[in-house]
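Listed below are the residues making up each chain.
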Amino acid sequence: MSDSILVINCGSSSLKFAVLCDEGQSVLLEGIADRLGYTNSTLTFKKDGNKESIHLKEGTHKSAVAEIKKWLSDRPAILDSLTGIGHRVVHGGETFSQSVLIDQSVIDGIAECANFAPLHSPAHIIGMNVAIELFPGIPQVAVFDTAFHQTLAAEQYLYPIPMALYRQHHFRKYGFHGTSYRYISRRLAELEPNSLQQGVLVAHLGNGASTCAINKGQSTDTSMGITPLEGLMMGTRCGSLDPSLLSFIAEAEGISSADALDVLNKKSGLLGISELSNDCRTLEEAMALGNEQAKLALDMFAIRTAKYLVSAATTLDSIDHLVFTGGIGENSSYVRAAICQQLKAFNIYIDGDKNSLRGATMSIESKQSHVKVWIIPTNEELMIALDTIHLIRQ
Ligand code: AMP
């Protein structure tokens, strides 16, 4: 069996994993441990179209990695083919501007910026420590969601608050979905080599959603901030709003500011407006049955996305490409059309027939459009595997 890479993505209450071979191009195995931290967590393996789930007695990230190792030990051909492990890390602060081989100093660096991702960073560190213990001798790499945006200029990443807060506490915009944007930039360059010299706007629209401007292959602006709450309206996150609302909500509802922040993170966005669901597909189905609030939520989502795309474009010399990616960006023709409807002033037009197709990599602009509009499925696992291969070969 060819060399393979194990990709580990430790979330706050889940652990997704995949084994990629053929230089990251084929997925040999993938799976998820969910409901970690609860009593009924399960670990599911998917291989060759077959699904196998086991109950995780101890529902922890540590036991999930241990069970993955056990499962692989029963399939020595896969286990022996592992040459590296790549870990997705949500927040690398200002310390990490690219992927790195993991050693203790890297783990310490991730711990130092854990206050910006308090649910994710501790899970990442547990995942790394267990993987180092259980897969001795296999090099491990950390790939950061924030790293791609370290190229932002100070004018873009600073918040207009007292500079001392930045100097002392590193309060600034970091941006997320960087691994996805890096993949999109690379994939677009395969499809259109000129794009590496051009201005590219990307809308990564999933349950979490953000936009990015990429100038000559480098991120110049992005909508998420010090945390993923800033920017677009999302599945359950409100995105940007007047910060005074935080204390208004806390006071009006008689709750703490932490609980008010929870409202903005977990009860807002598509869910908050529709009062039905955070899920775009569910809302589209409800809209088709005449649910006006579902339509309002989707239209607000689209309008706000368009505004952020235009705002990001101020960092580009020209808008040459607009790319849609993420679960909504790749699949929702309604949302794509509603976004582009707002972008006519920028000579962005899509072809209705092409836009109704789904799932493939393609361009969907109409003849009158001055901008190429793309649907490109993202592939963060491939990017993590490629970084891992690159670093272990160095
Ligand atoms: P992600 O977070 O990238 O996995 O994206 C999840 C979002 O994509 C959810 O809101 C889904 O409803 C949405 N989505 C996935 N498939 C479709 C589809 N066929 N039509 C509309 N939305 C979809």
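None of the values given here were measured: they were computed from a predicted structure.

Quick look at the site of the ligand now. With respect to spatial proximity, the complete set of residues near the ligand consists of Gly206, Asn207, Asp279, Cys280, Arg281, Glu284, Gly326, Gly327, Ile328, Asn331, Ser332 and Arg358. Within the backbone of Arg281, a nitrogen or oxygen atom sits 2.9 Å from an oxygen atom of the ligand. Contacts to the ligand include Gly327, whose backbone N or O atom sits 2.9 Å from an oxygen atom. For the ligand, whose accessible area on its own is 500 Å², the fraction buried by protein is 75%. Elements supplying a minimum of two residues to the shell around the ligand: helix 11 (280-288) and helix 13 (326-331). In terms of residue count, helix 13 provides more of the shell around the ligand than any other element does, 4 residues in total. When its residues are assigned to classes, the shell around the ligand shows 2 nonpolar, 6 polar and 4 charged.

Attention now moves to the packing of aromatic side chains. Counted according to the given criterion, the structure contains 6 aromatic pairs. Each ring, one from Phe96 and one from Phe144, has its centre 4.3 Å from the other, and the planes form 5 degrees; the classification is stacked. Within this pair, whereas Phe96 is found in the loop between strand 6 (82-89) and strand 7 (100-101), its partner Phe144 is found in strand 8 (residues 140-144), the two being separated by 48 residues in sequence. Each member of the pair, Phe96 together with Phe144, is buried. Ring centres of Phe116 and Phe171 lie 6.3 Å apart, and the angle between their planes is 65 degrees; on these two criteria the pair is classed as edge-to-face. Taken together, the residues Phe116 in the loop between helix 3 (104-112) and helix 4 (121-134) and Phe171 in the loop between helix 6 (163-169) and helix 7 (178-191) connect sequence positions 55 residues apart. Relative accessible area serves as the criterion here: at 11%, Phe116 is assigned to the buried category. Note on Phe171: relative accessible area 30%, which makes it partly exposed.

This part covers the sheet that holds strand 13 (residues 362-363). Through backbone hydrogen bonds, the strands of a sheet pair up, either in parallel or in antiparallel fashion. Strands sit in the order 11-10-9-12-14-13 across an open sheet of 6 strands; the sheet is mixed. The open sheet has two edge strands with one neighbour each: strand 11 (218-222) and strand 13. As defined by bridge partners, strand 12 (residues 321-325) adjoins strand 14 (residues 372-375) across 4 bridges and the pair is classed as parallel. Note on strand 14: the bridge partner recorded for Val323 is Trp374. Lying over the sheet, helix 12 (residues 292-313) contacts strand 9 (199-205), strand 10 (209-215), strand 11 and strand 12, oriented at roughly 150 degrees with respect to strand 9.

Reading the values: the criteria
Residues numbered from 1 in each chain as written. Predicted model: local features only at pLDDT ≥ 70, side-chain atom pairs only at ≥ 80, totals over all residues. Heavy atoms only, no water. Near = heavy atom within 4 Å. Polar contact = N/O pair within 3.5 Å; in protein donor to acceptor, adjacent residues only side chain to side chain. Areas by Shrake-Rupley, 256 points an atom, 1.4 Å probe, with all protein chains shown as cover. Helix = DSSP H or I, 4+ residues; strand = E, 2+ residues; numbered from the N terminus. Nonpolar A, V, L, I, M, F, W, Y, C, P; charged D, E, K, R; others polar. Phe/Tyr/Trp six-rings, centres within 6.5 Å; stacked < 30°, edge-to-face > 60°. Buried < 20%, exposed > 50% of the residue type's maximum accessible area, 1.4 Å probe, protein only. Pairing = 2+ DSSP bridges. Contact = heavy atoms within 4.5 Å. Axes fitted to C-alpha atoms, helices over the stretch in contact; angles between N-to-C directions.

That is the geometry; function is a separate question.
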